[in-house]
Amino acid sequence: MTENIKKIPLAFGSMALELDIPEKNISSIILPSEPDIKKASSFLIQKALENPIKSRRLSEIVSPASKVALIVSDVTRPTPTEKILPPLLEELYLGGAKDENITIVFALGLHRQQTEEESKKLVGEEIYRKIRCIQHDTNRCRHIGVTSRGTPIEIFEDVLDADIIVGTGGIEFHYYAGYSGGAKSVLPGVSSKEAVLANHKMMIEEKAVSGRSDGPVRQDMEEAAKLSGLDFILNVVLDSKKGIVAAVAGDFVEAHRKGTEIVDSMYKVPVEPADAVIVSCGGFPKDINLFQANKALDNATQAVKEGGSIILVAECAEGIGNQVYECWNRECRTPDDAIERFKHCFEFGGHKTAIIAKVAKRFKLYLVSKLPEEQTRAAFFTPMASMKEAVSAVLSENPDAKIHLMPHGGQTLPVRKDT
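This write-up is about the structure you can find in this document. (Residues numbered from 1 in each chain as written. Predicted model: local features only at pLDDT ≥ 70, side-chain atom pairs only at ≥ 80, totals over all residues. Heavy atoms only, no water.)

Right, let's talk about the nonpolar core for a bit. One finds Val-190, Leu-290, Ile-310, Leu-312 and Phe-381 to be the most contacted residues of the largest nonpolar core, which totals 81 residues. Here this core takes six residues from helix α10 (residues 290-300), the largest share from any one element. Once residues lying within four places of it in the same chain are set aside, the contact partners of Phe-381 are Leu-290, Asn-294, Leu-297, Leu-312, Ile-356, Leu-365, Tyr-366, Leu-367 and Thr-376. Listed in part, the 35 residues of the second largest apolar core include Val-75, Ile-84, Leu-89 and Leu-122. (Core = buried A, V, L, I, M, F, W, Y, C linked by side-chain atoms within 4.5 Å. Buried < 20%, exposed > 50% of the residue type's maximum accessible area, 1.4 Å probe, protein only. Helix = DSSP H or I, 4+ residues; strand = E, 2+ residues; numbered from the N terminus. Contact = heavy atoms within 4.5 Å.)

Laid out in structure tokens, this is it:
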């Protein structure tokens, strides 16, 4: 009797890999409940700007003499900045703002510097030509205080020198900040290395998990943003095709919370844990490197039984993506080594090694990527040359294994029905 095979494309960088899997082994395809939005993204953004949440319109906040800092996402984020900026600039012009008084700041956090071509592509050629665009510099931050949790508030001086600070970005699940967006454009976006590390140390606390807005990391970020003077945000929610399906604007806490409600309604999916899960990050830029791709892995853990298998599909065209992460991977021979080291030494980048080490102790981890085998094994994954090889590895241990498929693992958050 011929076995029925299901063919499913999974995003891999800018292309797709075809997954061939027996239908009898598919437990479910975990998909978001995305709205069928027929309105143009410019319309959604315009409406959000015209109806800000718990705030005056930006055009009423700005004046002709105002120096404005617009914080935008860097190249590692899928935020469609080139679509966000035109209506946002029009709102500023409505209040009399001048191009020469506006500065666009790329929120790098502790990420690498961008090339000029990358920066130009993010904002669009015309805007890049007429408005000053700069990148965050952790060495040019000014100390303005300390949060109640002990995090130094040290912000990029070009942002602090502005009269009006506007944050932009996308809202999606984040594995220790609860969600991206909102205050995250300030901390870690335009903060010092010391501030970012102090904030990130809280990721090991119980409430620092995906899908919560009351966790310590998020609360600390918002305290820092308040003291730094973040005046206004414009955040968008994207669907799995990276199209804008919602936009929120206004107060950086209240507007953000409205956005998280939309994300929850779309991307939180109740599941019964299965024997295995195959998860794609959703393609570029979410799988640009292993550092970013691990966020999809974290979401996938909620869909698997203890001791089960996770197959991560991530191109990782830029390799590991963080030198400290790569160093810890080389130096920590076993998951226990990494976990023990993390208890005594918090180091940004090394936290990824420790987090994956904890996951590796609970599940069998497989990786389909472009990483060399040696780097893959050092990161506590078993390298797989193809989707076929990865599926065969799981089914060879249990031919009747039930497998969840997560084509949009970077966005979708399974919620266990047994909890």
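More follows now that the structure is in view.
So, about helix α4 (residues 116-123). Taken together, the buried positions of α4 are occupied by Ser-119, Lys-120, Leu-122 and Val-123. Take α4 and look down its axis: the buried residues cluster within an arc of 160°, on one side only. Seen from the buried face of α4, the exposed residues on the opposite side, beyond 90 degrees, are Glu-117 and Lys-121. Residues of α4 that are buried make contact with β4 (68-73), α3 (81-94), β5 (102-107), α5 (125-130) and β6 (132-135). Gly-124 lies just past α4 and shows a positive phi near 100°. (Arc of directions from axis to C-beta.)

With parallel pairing, six strands are arranged side by side in an open sheet as β3-β19-β15-β16-β17-β18. Strand pairing shows two members of the sheet lacking a second neighbour, β3 (26-29) and β18 (382-384), which therefore form its edges. Neighbour-to-neighbour, the strand axes of this sheet turn through a mean angle of 20°, independent of strand direction. Looking at chain direction, strand β17 (residues 364-368) and β18 are connected through three bridges and run parallel. If you follow Val-368 over to β18, its bridge partner there is Met-384. The sheet contacts of α10 involve β15 (274-280), β16 (304-313), β17 and β19 (403-406), and relative to β16 the element is tilted by about 145°. Contacting β15, β16, β17, β18 and β19, helix α15 (residues 387-397) crosses the sheet at an angle of about 160° to β17. (Pairing = 2+ DSSP bridges. Axes fitted to C-alpha atoms, helices over the stretch in contact; angles between N-to-C directions.)

For the rest of this paragraph, the subject is the environment of Ile-244. The residue Ile-244 is located in strand β13 (residues 244-250) in this model. Distance from Ile-244 to Ile-45, taken between C-alpha atoms, is 8.9 Å for residues 199 residues apart in sequence. Sequence-distant contacts of Ile-244, defined by excluding residues within four places in its chain, comprise Ile-37, Ser-41, Leu-44, Ile-45, Pro-80, Lys-83, Val-236, Val-237 and Leu-238.

Mapped onto the elements of the fold, Trp-328 is located in helix α11 (residues 323-331). In sequence terms Trp-328 and Leu-108 are 220 residues apart; their C-alpha atoms lie 22 Å from each other. Those residues within four positions of Trp-328 in sequence are excluded, and the remaining contacts are Ala-338, Arg-341, Phe-342, Cys-345, Glu-347, Gly-350 and Thr-353.

Helix-helix packing: each pair is described by the crossing angle between the helix axes and the interaxial distance. Between helix α1 (residues 41-50) and α3, the shortest axis-to-axis distance is 9 Å and the interhelical angle comes to 40°. The angle between α1 and α3 places the two elements in the oblique class. Between α1 and α3 lies a crossing of right-handed hand. Contacts from Ser-41, Ile-45, Gln-46 and Leu-49 in α1 reach Lys-83, Ile-84, Pro-87, Leu-88 and Glu-91 in α3. (Parallel < 35°, antiparallel > 145°, perpendicular 65-115°, else oblique. Left-handed = near helix turned anticlockwise from the far one by under 90°.)

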